[in-house]
Amino acid sequence: MTTPSGASTPDDYWRRPGPGDSGAAEPAGPAPTPTSGYAGPPPSTPPPADWRPPVHLEPTAPRRLPAQDMAALDAAEQRSQRVTYGFGAAAGVVLVVLVCLLCSRIIF
């Protein structure tokens, strides 16, 4: 990136050139239109308002889900939380014992 020089402000670098400034290429005019002969897609006609695809099979109505026993769900969640904490505590104890054994080997 080049930096502005002279007595100009830092914002002058990003300003548009004026109409009399040189170095700015003037647009050559409107873009030429393509002459490929393609006029676009053919027009389509919408289907009639009462048209629908044929229905071959009616789906069955959704069945009701069984009611949830919130007290049993809470009890099961508490049991699983206790099991998770128990395994975590056991793993923590094993890790502490291993670290103590390793440190005792290094010290003694």
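For the structure itself, look to the data block above.
Let me sum up the structure you'll find in this document. (Residues numbered from 1 in each chain as written. Predicted model: local features only at pLDDT ≥ 70, side-chain atom pairs only at ≥ 80, totals over all residues. Heavy atoms only, no water.)

## Focus: the overall build of the protein
What counts, and what does not: Under the scheme used here, helices are H or I runs from DSSP no shorter than 4 residues and strands are E runs no shorter than 2 residues, and both carry numbers assigned from the N terminus. Any residue under 20% of the maximum accessible area for its type is buried, any over 50% is exposed, and the rest in between are partly exposed; the area is computed with a 1.4 Å probe on protein chains only. Surface exposure here means Shrake-Rupley accessible area, sampled with a 1.4 Å probe, where a residue is shielded only by the protein chains that are shown.
When helices and strands are tallied, the protein shows one helix and zero strands. In the protein, buried positions account for 0% of the 108 residues. For the protein, the exposed area adds up to about 11200 Å²; of that, 64% sits on carbon and sulfur atoms.

## Points about a nonpolar patch on the surface
Worth spelling out the cut-off: Patch criteria: residues need more than 30% relative accessible area and no salt bridge. Like-charged residues are merged within 9 Å; nonpolar side chains of Val, Leu, Ile, Met, Phe, Trp and Tyr are merged within 5 Å. A side-chain nitrogen of Lys or Arg and a carboxyl oxygen of Asp or Glu constitute a salt bridge if their distance falls within 4 Å.
The grouping of Val93, Val94, Leu95, Val97, Leu98 and Leu101 at the surface amounts to a nonpolar patch, some 550 Å² of accessible area in total. Mapped onto the elements, Leu95 comes out in helix α1 (residues 70-107).

## Quick notes on the state of the cysteines
Condition: Here, the term disulfide refers to a pair of cysteine sulfur atoms separated by no more than 2.5 Å.
The full count for this structure, using the stated rule, is zero disulfides. Free of any disulfide, Cys100 has its nearest neighbouring cysteine sulfur in Cys103, separated by 6.7 Å. Exposure remark for Cys100: the relative accessible area of 49% places this residue in the partly exposed category. Residue Cys103 is classed as partly exposed on the basis of its relative accessible area, which comes to 39%.

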